[in-house]
Amino acid sequence: MVTALSQVLKLVISLGSQVVIARLLFPSDFGLLAMVYPIIGFIQVFNDLGLGQVIIQRPALEQAQVSALFWINIALSGALAFIVILLSPLAAWVYGEPRVTGIMASLALILPIAALGIHPVALLTRQMKFGLLARNEVAAALIGVIVTIATAWLGMSYWSLVLGQLCSTVSSDILGWAACKWRPSRPALHSESKADLKFGGNVTGANLANYITTSSDNIIIGVMNGKVPLGLYDRSYRLVVQPVSQMIAPISRVALPLLSRLADSPDAYRVAYLRIARALMLLTVPGMLVCIANAQTMIDVFLGDRWHDAGPVFGWICVGGLTSAIYSSAVWLFISQGRTRDMRNVLTVASVLNLASFLAGSFWGIVTVAAAAAIVFVLVTTPLVVFGATRSGPVRTRDMAALLATFSIGGALVYAMLLVEAHAFPLRGLAQIIVATLVAYGGFAMLTMAIPAERRAALSAINAVRPARNN
């Protein structure tokens, strides 16, 4: 119950803060930060070397083993922060924006600060302390939002976004260490360090591929179109991704350790995964359909008139969001089965395809970038990743095909219901969004309850994620 409530609070904080901050700052302010985020994000891929996943996935751990990973992580993050500071003038030159230098150098501090919190969070996740983790995340997010809004109100412009992130990261570290009883030993390597680094290296390779999928569009738009179009694109993207991430994160946190422990029981593994994946799609797909059908209304209500041109971009990004849940859940299969090399290879191919879609769309503006990216993600890269994840292991391709077919048919019917609702009841603004949300989730619920097999599967899916609510 604590975890479920905390996710609701995080969702409210995330959406509420975007509404307020969008009215205090301008698209150009967000565009400046969006120029730097991809660079920081690229470096952050290497900031933990996948060692947090090592801690979660390994069947047994020793104190010296975890401590060795901690010190490796700290040394690496310090070196990476130094590299980012050195590269900041070059980034400013590439973008033709001198303010990028100070922003990038300041955000470099996040790397070692974030590295300090990786191990406490990973250990708490391994121990399935989901309620405690959720409370910490809410508190850190709230602190970051308060600092951002307060400093934006005082006129600190884009620096308010920088300060908010720094304060949120520091708060997360303090809360994580306070909750975790583990403390590092003196610096020393362990006999398992080489194997752990190999496992983490494959995870890092996969994370790098995922980074290309999620961030290279910002770089391309920033270079080719400038900070204002990038600000419009980036806010649209975050308005989709942040709420979806709030829905996926707690389920993912339960799924990875659970599936890792069921890896030697194929039947139980398959049933558990399909139940959790179904629950994830029941949470995300109806919401994406609401956003697609009401894209312009969502932008006008939540971000305001100055962001009006972001409406079509937001709509297309939501199209891509339809398969984001199943894409994320496929990654669990790779990690929990220890198939990190396969994951790295498949996600690398997927990232190249996504990058090609960004480049192809960039010649016609940000709407075309969003449209090309959504079409390729839904029709090409998601099926590719799903096929790669189910090519071996307990969950087979036919299992995923059946799940996707069910939601494709249900999604088409519910979208038709949304179009009928918009025509029959021409509401405006927030009222339209609320009614559409009720229609979408209610429509999926009715379709599910009307089919006995789907009803049983849905109830099983709900039961599968109860551990997250009971911690």
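In this report, the structure presented in the accompanying data block is examined.

How each quantity is defined
- Residues numbered from 1 in each chain as written.
- Predicted model: local features only at pLDDT ≥ 70, side-chain atom pairs only at ≥ 80, totals over all residues.
- Heavy atoms only, no water.
- Helix = DSSP H or I, 4+ residues; strand = E, 2+ residues; numbered from the N terminus.
- Buried < 20%, exposed > 50% of the residue type's maximum accessible area, 1.4 Å probe, protein only.
- Contact = heavy atoms within 4.5 Å.
- Phe/Tyr/Trp six-rings, centres within 6.5 Å; stacked < 30°, edge-to-face > 60°.
- Salt bridge = Lys/Arg side-chain N within 4 Å of Asp/Glu carboxyl O.
- Patch = residues over 30% accessible without salt bridge, like charges linked within 9 Å, V, L, I, M, F, W, Y side chains within 5 Å.
- Areas by Shrake-Rupley, 256 points an atom, 1.4 Å probe, with all protein chains shown as cover.
- 1 Å grid on protein atoms, 1.4 Å probe; cavity = no way out; pocket = protein on both sides within 12 Å on 5 of 7 lines; lining within 4 Å.
- Points joined across faces, edges and corners; volume = space filled by probe spheres on them.
- Nonpolar A, V, L, I, M, F, W, Y, C, P; charged D, E, K, R; others polar.

Quick notes on the environment of Leu355
- With respect to the element layout, Leu355 can be found in helix H15 (residues 340-362).
- Its relative accessible area of 29% is what places Leu355 among the partly exposed residues.
- It is 27 Å that separates the C-alpha atoms of Leu355 and Gly411, two residues lying 56 residues apart in sequence.
- Filtering out sequence-adjacent residues up to four positions away, Leu355 remains in contact with Ile212, Ser216 and Ile220.

What about the packing of aromatic side chains?
- Inspection of every chain in the model, using the stated rule, returns ten aromatic pairs.
- Between Tyr273 and Trp332 the ring centres are 6.3 Å apart and the planes differ by 80 degrees, which places this aromatic pair in the edge-to-face class. Taken as a pair, Tyr273 in helix H11 (residues 266-293) and Trp332 in helix H14 (residues 324-336) lie far apart in primary sequence, 59 residues in all. You'll find Tyr273 and Trp332 in the same group, each marked buried.
- The structure contains a cluster of three or more aromatic residues connected by ring pairs, namely Phe70, Trp71, Trp177 and Trp182.

Describing the pattern of salt bridges
- One pass over the full model with this rule turns up five salt bridges.
- The salt bridge involving Arg99 is made with Glu97; its shortest N-O contact spans 2.9 Å.
- The exposure class assigned to Arg99 is partly exposed, which follows from its relative accessible area of 35%.
- Of the residues examined, Glu97 reaches a relative accessible area of 9% and is grouped as buried.
- Between Arg238 and Asp234 there is a salt bridge, with its nearest N and O atoms 3.1 Å apart. In this pair, Arg238 and Asp234 both sit in helix H10 (residues 227-261), four residues apart, roughly one turn of the helix.
- On the accessibility criterion, Arg238 (21% relative accessible area) is partly exposed.
- The exposure class of Asp234 is buried, given its relative accessible area of 1%.
- One network of salt bridges, in which partners are shared, links Asp234, Arg235 and Arg238.

A short note on the side chain of Thr323
- Its location among the elements puts Thr323 in the loop between helix H13 (311-321) and H14.
- Overall, the relative accessible area of 12% leaves Thr323 in the buried class.
- With residues near it in sequence (within four places) discarded, Thr323 still touches Phe377, Val378 and Thr382.

A few points about a nonpolar patch on the surface
- On the surface, Ile83, Leu87, Leu90, Trp93, Val94, Val223, Met224, Phe363 and Trp364 cluster together into a nonpolar patch covering about 1000 Å² of accessible area.
- Elements represented by at least two residues in the nonpolar patch include exactly helix H4 (63-95) and helix H9 (193-225).
- Mapped onto the secondary structure, Met224 falls in helix H9.

Quick word on the layout of surface pockets
- As a volume, the second largest pocket reaches approximately 380 Å³.
- Lining the second largest pocket are 16 residues, and of these Leu322, Thr323, Val378, Phe407 and Ser408 sit closest to its centre.
- Breaking the lining of the second largest pocket down by element, the ones donating at least two residues are H11, helix H16 (366-390) and helix H17 (397-424).
- Sort the elements by how many residues they give to the lining of the second largest pocket and H17 lands first, with six residues.
- Looking at the lining of the second largest pocket, its residues break down into twelve nonpolar, four polar and no charged.

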